Amino acid sequence: MPSIIIFGASGDLTSRKLIPALFQLYRKKRLPADTNIVGFSRTEFSHDAWRGQLSETTQKFAGKDFDPKLWEEFAKKIFYHPGDLGKDEDFQQLCGLLKELEQGKSTTRIYYLATAPQFYPEAVERLGKSGLADEKDGARRIVIEKPFGTDLESATQLNEDVHKVFRERQVYRIDHYLGKETVQNILVLRFANSIFEPLWNRNYIDHVQITAAEEVKVGRRAGYYDTAGVVRDMFQNHLLQLLTITSMEAPSRFEADYVRNEKVKVLQSVRPMTPEEVAKHTIRGQYKGYKQEPGVAPDSQTPTFAVAKLHVDNWRWQGVPFYLRSGKAMSCRTTQIVIQFRDPPHMLFAKEKHKHRKVEANRLIIHIQPAEGIQVYFQTKVPDAGMAMRQTTLDFRFDNQFAGTMPDGYERLLLDVMQGDASLFARADEVELAWGIVDPILQAWQEHEQPPMAEYDVGEWGPTEALYWMGNDDRYWLDVCPVLKSSAAHD
Ligand code: BG6
């Protein structure tokens, strides 16, 4: 029987993601019996008032899966404790409430930090001081939301603070991208099939493109976003996770440390950039109108878009560039990984006068979202046209092959924490290595002479410079947007 204690319970994450995910787990009969969910934050609520509020928000986010009768049953598991992270006595009272709910039974407790990140150290310290991290009556685990630090130094400090109270095996650092089915499917695609892996290296792959484009603008999150920017917000975590999963070696077992050891090796192999290389291999941009968004500094130099070319210096990937790109206010929402293969060594079928014209390369495209699937691009003979060729695709779509809606990533991640499986969570060294990759970029932009911030129109693929940037390497972005669209309602 687990108790899940959410700190920062009155915030957006709890109502938008955590409670709907727990409700779905309950609906699917995956939530262990006798689970208690306890919200902790400063706002005053009674248990019932909080349940009432969550009922409305869950209805909104769970959509047609919301069944009021089921919710009534589920809501009995939800409790609320008004409290201040800065007050010892509030933790003591929380302790009392948990003991009452758990009735002396050995219970796994999961402390979920959904507060603003500046409160993480304090929350951890108080959990330690109040004895709540003590494992004598059951396992104690802590879940820490992103952002985990704002640079290498602060992330290292946070790891130290956490390790004063919790051992690493008790710590679950969330990257919600790892909860996505389509991201986990990259592991299955690579390691449960034998046809892809022999090609998955520098001998056959020309380069890799990883794009996470968003249509949304900064919205109501300027307070956080304007201090973070796209590199901290998307590259340090989500994009580097996609890069490691795409490029890691096969672990010998699907267990937390085996998987994370392989990811760590990739991050250790990513070539750090000098300021001169940052100037050459990155572009930063800001969408027009960003400075006028509520809460954004009028002279803000925060990038809302960036591209970066990274190299993974190991035997498998030497010479294969990884082009990463992410931005807000772009033309459409898509997260996709394009694996582009090398050109055939000799072209038999082009007419003499076209002998030097390049044929479109083979590509394997992993569509993470909103389309969910995989495409293979390859050349096909055009019927009744001599040996003329055309690029065609083989498409796999989850919604064509599997019934039901895709679960939200938080469902899987919360269940994994309850089961003590940290395979899909970042380890301390992983987070620090990721900061070690992006810090030199951020520092170069701030402290060294660099090309100025480029502006872009809302609804574009970032600044013009970024569109043609790969042209210097004789390559170009493959923008397939909207993607994998056919009859069904995508996007
Ligand atoms: C979050 C970022 O981690 O990921 C947001 O803070 C971003 O700025 C979001 O919008 C993207 O997540 P998803 O699942 O919509 O791709």
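Above this text sits the structure in question.
Calculation criteria
- Residues numbered from 1 in each chain as written.
- Predicted model: local features only at pLDDT ≥ 70, side-chain atom pairs only at ≥ 80, totals over all residues.
- Heavy atoms only, no water.
- Helix = DSSP H or I, 4+ residues; strand = E, 2+ residues; numbered from the N terminus.
- Rg over C-alpha atoms; globule rule 2.2 N^0.38 Å.
- Contact = heavy atoms within 4.5 Å.
- Areas by Shrake-Rupley, 256 points an atom, 1.4 Å probe, with all protein chains shown as cover.
- Lys, Arg positive; Asp, Glu negative; His and termini not counted.
- Charge placed at Lys NZ, Arg CZ, Asp CG, Glu CD.
- Patch = residues over 30% accessible without salt bridge, like charges linked within 9 Å, V, L, I, M, F, W, Y side chains within 5 Å.
- Salt bridge = Lys/Arg side-chain N within 4 Å of Asp/Glu carboxyl O.
- Near = heavy atom within 4 Å.
- Polar contact = N/O pair within 3.5 Å; in protein donor to acceptor, adjacent residues only side chain to side chain.
- Nonpolar A, V, L, I, M, F, W, Y, C, P; charged D, E, K, R; others polar.
- Buried < 20%, exposed > 50% of the residue type's maximum accessible area, 1.4 Å probe, protein only.
- Core = buried A, V, L, I, M, F, W, Y, C linked by side-chain atoms within 4.5 Å.
- Axes fitted to C-alpha atoms, helices over the stretch in contact; angles between N-to-C directions.
- Parallel < 35°, antiparallel > 145°, perpendicular 65-115°, else oblique.
- Left-handed = near helix turned anticlockwise from the far one by under 90°.
- Expected span 1.5 Å × (residues − 1).
- Pairing = 2+ DSSP bridges.

**What about the overall build of the protein?**
When helices and strands are tallied, the protein shows 14 helices and 15 strands. Against the 2.2 N^0.38 benchmark of 23 Å for 491 residues, the protein shows a C-alpha radius of gyration of 24 Å, consistent with a compact globule. Overall size of the protein, expressed as C-alpha extent along the three principal axes, is 85 × 50 × 45 Å. The long-range share in the protein, meaning contacts at least 24 apart out of those at least 6 apart in sequence, stands at 77%. When the accessible surface of the protein is totalled, it reaches about 22700 Å², and 51% of it is carbon and sulfur. Across the protein, the centroid of the 62 positively charged side chains sits 5 Å from that of the 68 negatively charged ones.

**Digging into a nonpolar patch on the surface**
Taken together, the side chains of L348, F349 and M387 make up a nonpolar region of the molecular surface, amounting to roughly 310 Å² of accessible area. By secondary structure assignment, the location of L348 is in the loop between β11 (334-341) and β12 (363-369).

**Focus on the site of the ligand**
Taken together, K146, H176, Y177, K180, E214, R221, D233, M234, H238, K328, R333 and Q369 make up all the residues around the ligand. With respect to the ligand, the side chain of H176 contributes an N or O atom lying 2.8 Å from an oxygen atom. In terms of residue count, helix α8 (residues 222-247) provides more of the shell around the ligand than any other element does, 3 residues in total. Residues belonging to the shell around the ligand are distributed by class as follows: 2 nonpolar, 3 polar and 7 charged.

**Here's the deal with the side chain of H367**
Following the sequence through the fold, H367 ends up in strand β12. Among the residues examined, H367 registers a relative accessible area of 0% and is labelled buried.

**What to know about the nonpolar core**
F7, L22, F74, Y112 and F235 are the most contacted members of the largest nonpolar core, which totals 141 residues. At 11 residues, α8 tops the list of elements feeding residues into this core. Look past the residues within four positions of F74 in its chain and what remains in contact with it is I19, L22, F23, Y26, L31 and I37.

**Points about the packing of helix α6 (residues 152-165) against helix α13 (residues 428-447)**
Across the interface, α6 lies against α13 with an axial gap of 8 Å and an inter-helix angle of 165°. It follows that α6 is roughly antiparallel to α13 by the angle criterion. Like other packed secondary-structure pairs, α6 and α13 cross with a definite hand, here left-handed. Across from L152, A155, T156, N159 and H163 in α6, the residues of α13 making contact are A428, V431, E432, W435 and D439.

**Some thoughts on helix α2 (residues 47-62)**
The terminal C-alpha atoms of α2, which comprises 16 residues, lie 21 Å apart, in line with the 22 Å expected from a rise of 1.5 Å per residue. Looking at the buried side of α2, the elements it contacts are α1 (12-27), β2 (36-41), α3 (68-75) and β3 (78-82). G63 lies just past α2 and shows a positive phi near 55°.

**Notes on the pairing of strand β8 (residues 282-287)**
When you tally the buried positions in β8, you get 6 out of 6 residues, the bulk of the element. Side-chain alternation along β8 places T282, R284 and Q286 on one buried face and I283, G285 and Y287 on a second face that is also buried. Inspection of the sheet shows β8 paired to strand β9 (residues 305-311) by 4 bridges, in the antiparallel sense. In the sheet register, G285 faces β9, and the bridge partner there is F305.

**A short note on the packing of α8 against α13**
One way to put it is that α8 packs onto α13 with a least axis distance of 10 Å and a crossing angle of 135°. By the criterion of interaxial angle, the relationship of α8 to α13 is oblique. Relative to α13, the crossing made by α8 is right-handed. Contacts from V231, R232, F235, Q236, L240 and Q241 in α8 reach E430, V431, A434, W435, I437, V438, L442 and W445 in α13.

**Section: the sheet that holds strand β1 (residues 2-7)**
The parallel open sheet is built from 6 strands, whose spatial order is β3-β2-β1-β4-β5-β6. With one partner strand each, in any of the chains shown, β3 and β6 (171-173) form the two edges of the open sheet. Mean inter-strand twist for the sheet, computed between neighbouring axes without regard to direction, equals 20°. Together, β1, β4 (108-113) and β5 (140-144) form the strand contacts of helix α5 (residues 120-129), whose direction differs from that of β4 by roughly 155°.

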